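Fold and geometry: a report
If you want the building blocks of each chain, they are given just below.
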Amino acid sequence: MDAKAERFLSLDVFRGLTICFMIIVNTPGSGSAPFSPLEHAAWFGFTPTDLVFPSFLFAVGNAMSFTSKRFAQMTTSAVLGRIFKRAVIIFLLGYLMYWFPFFEQHNGVWGFKPFSHTRVMGVLQRIALCYLFASVIVYFVKSFRTVVVISILLLVGYQVILLAFGDHDAPYGMLTNAGTYLDKFILGDNHLYHGEGVPFDPEGILSTLPAIVNVICGYYAGRFIQQKGKEYEALAKMLLVGCLFIFIALCWNMSFPIGKKLWTSPFTLLTVGLDLVIISALIYAVEVRSWRAANWPAFFTTVGKNPLAIYILSEILIIAFWMIPLGGKSFFDTVNHSFYQAIAPGPVGSLLFAVSYMLVCWLVGKLLEKRNIYIRV
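Cut-offs applied
- Residues numbered from 1 in each chain as written.
- Predicted model: local features only at pLDDT ≥ 70, side-chain atom pairs only at ≥ 80, totals over all residues.
- Heavy atoms only, no water.
- pLDDT = per-residue confidence, 0-100.
- Helix = DSSP H or I, 4+ residues; strand = E, 2+ residues; numbered from the N terminus.
- Contact = heavy atoms within 4.5 Å.
- Salt bridge = Lys/Arg side-chain N within 4 Å of Asp/Glu carboxyl O.
- Patch = residues over 30% accessible without salt bridge, like charges linked within 9 Å, V, L, I, M, F, W, Y side chains within 5 Å.
- Areas by Shrake-Rupley, 256 points an atom, 1.4 Å probe, with all protein chains shown as cover.
- Buried < 20%, exposed > 50% of the residue type's maximum accessible area, 1.4 Å probe, protein only.
- Axes fitted to C-alpha atoms, helices over the stretch in contact; angles between N-to-C directions.
- Parallel < 35°, antiparallel > 145°, perpendicular 65-115°, else oblique.
- Nonpolar A, V, L, I, M, F, W, Y, C, P; charged D, E, K, R; others polar.
- Expected span 1.5 Å × (residues − 1).

Details of the confidence of the model for the protein chain
- Taken over all residues, the pLDDT of the protein chain has a mean of 89, while the share at 70 or more is 96%.
- Ranking the helices and strands of the protein chain by mean pLDDT puts helix H5 (residues 144-165) first, with 96, and strand S1 (residues 103-106) last, with 69.
- Low pLDDT, under 50, characterises residues 1-6; the stretch is placed with four contacts to residues that sit more than four places away or in other chains.

A closer look at the pattern of salt bridges
- Using the criterion set out here, one finds eight salt bridges in the structure.
- Arg15 is the partner of Asp12 in a salt bridge, and the nearest nitrogen-oxygen pair spans 2.5 Å. Separated by three residues within a single helix, Asp12 and Arg15 lie in helix H1 (residues 3-26), roughly one turn from each other.
- Among the ionic pairs, Glu203 bridges to Lys260, the shortest N-O distance being 3.2 Å. Note that Glu203 is positioned in the loop between helix H6 (178-186) and helix H7 (208-228) and Lys260 in the loop between helix H8 (232-252) and helix H9 (265-288), a separation of 57 residues in sequence.
- Look at the salt bridges and you will find they share partners, linking Arg119, Asp201, Glu203 and Lys260 into a network.

With respect to a nonpolar patch on the surface
- Taken together, the side chains of Phe35, Phe339, Ile343, Val348 and Leu352 make up a nonpolar region of the molecular surface, amounting to roughly 430 Å² of accessible area.
- Listed by contribution, the elements that provide at least two residues to the nonpolar patch are helix H12 (331-343) and helix H13 (347-370).
- Structurally, the position occupied by Phe35 is in the loop between H1 and helix H2 (52-67).
- On the basis of relative accessible area, Phe35 is assigned to the partly exposed category, the value being 34%.

Re the packing of helix H10 (residues 297-304) against H13
- Following both chains from N to C, one finds H10 and H13 inclined at 80°, their axes separated by 8 Å at the closest point. The angle between H10 and H13 falls in the class roughly perpendicular. Contact residues: Phe299, Thr302 and Val303 in H10; Met358, Leu359, Trp362, Gly365, Lys366 and Glu369 in H13.
- Partitioned by chemical class, the residues of the contact of H10 with H13 number five nonpolar, two polar and two charged.

Topic: H2
- Spanning 16 residues, H2 covers 23 Å between terminal C-alpha atoms, matching the ideal 22 Å at 1.5 Å per step.
- Of all 16 residues in H2, 15 are buried; the element is thus mostly enclosed.

See the structure below:
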C-alpha cells in the first residue's frame, strides 16, 4: 500500500467507527430503554454517545485537509462555488431526510406532509453549515495564528452571547438560552425539534458557532499528519494537545458546563481533545505498528468510504421500518417485541437490535464497495 493510501486508512477507519456507533445509538430497539452510555446526557454532562456527532465534524475537517490541495489550482470563484454547492446539497439532503416520507395519514386519509411543520435544522444541516464556514475561514485566512484567534472568538463569543442575551437567571437553560430565542424568532416553534417534548433544537443556529471549531481542529489535525507523517514525535504531540484540550475543557466546565445539546464551548474542546487522542491511537495501531489482525480495519473502512450515503440510508430505512405494518404493529415494534426482547429482555435486546441494524447498513456499504461505488457530494 502506498503512502497516500496509508494516510487515508486511519481517516476511513475513524469515520467508519463514528458512523457505526452513530447508527447504534440512533436506532435502539423498542421495548426497553437502552444502556445509559448509549443515550445522550439529559442536559449537562457527557456520555460516549455525545462524542459521536462532534467526531463526525472532526472527520469532515480532517478530510478537508486532504482535498483542499486541489483548491491551489483553482480560481477563488471556482473554489467558493464548489464549497457552497457542497454545503447546499448536504443541507438539502438533511432537510429532505426530515421531511421524508413526504406524506402522512390523518383520520385514515393520506395527504402531503406540510412544510409548515417540518424541522429545518438537523445533523446534516449542521455539518453543511460547519463545513461551509470552516472551509471559507481556512481558505481565506492563511495564518494559523489568525485562525486560532478566530476559533477562540467563536468559543468565547458564544458564551458571551448566551450570557448577554439569554435569561439572566438561567442563561444556559433549554428554553431560556439565547440560541432557543433566536431559533424561535427566525424559524418558529413548528420548524424546531420536538424530541424533548418542547420546541428546542440541539442543532440550532447559534450553537453552530462553537461546532465550527470542531471542523477547523479536524482540518489542522489532518494537515499536521500530512506534514509530519506518522512519526512517534508527531503522534506524541497530537496526544499531548488532545490532553491539553481535555484539561482546558474540564477547567472551563466550572463556569460553562459541558453539554452536547447546548453544544457548549468546553464541550467542543473536550470532544476535539478526545478525537485527537483516538485518531493518534488509530494511526499508531493501524499504520505505525500495523496491527491489522484478521484485517479488522476493513470492516470500518467499508463504512468510512461512504459515510454520508450509509448515514442517510440508516435514517430513511428505520423510518420505513416504522411505517410497514406487521401483526397489528409496525415492523420495527413487531421485530423487537417478538424476537429481540423475547431472546434478551431489557437493554441487551435493545442493543442487539441496534447492532443488527448497523450490520444491515454495513452490508449495503459492502455492496457499494465491491462495485467501487463511492457517493460524494
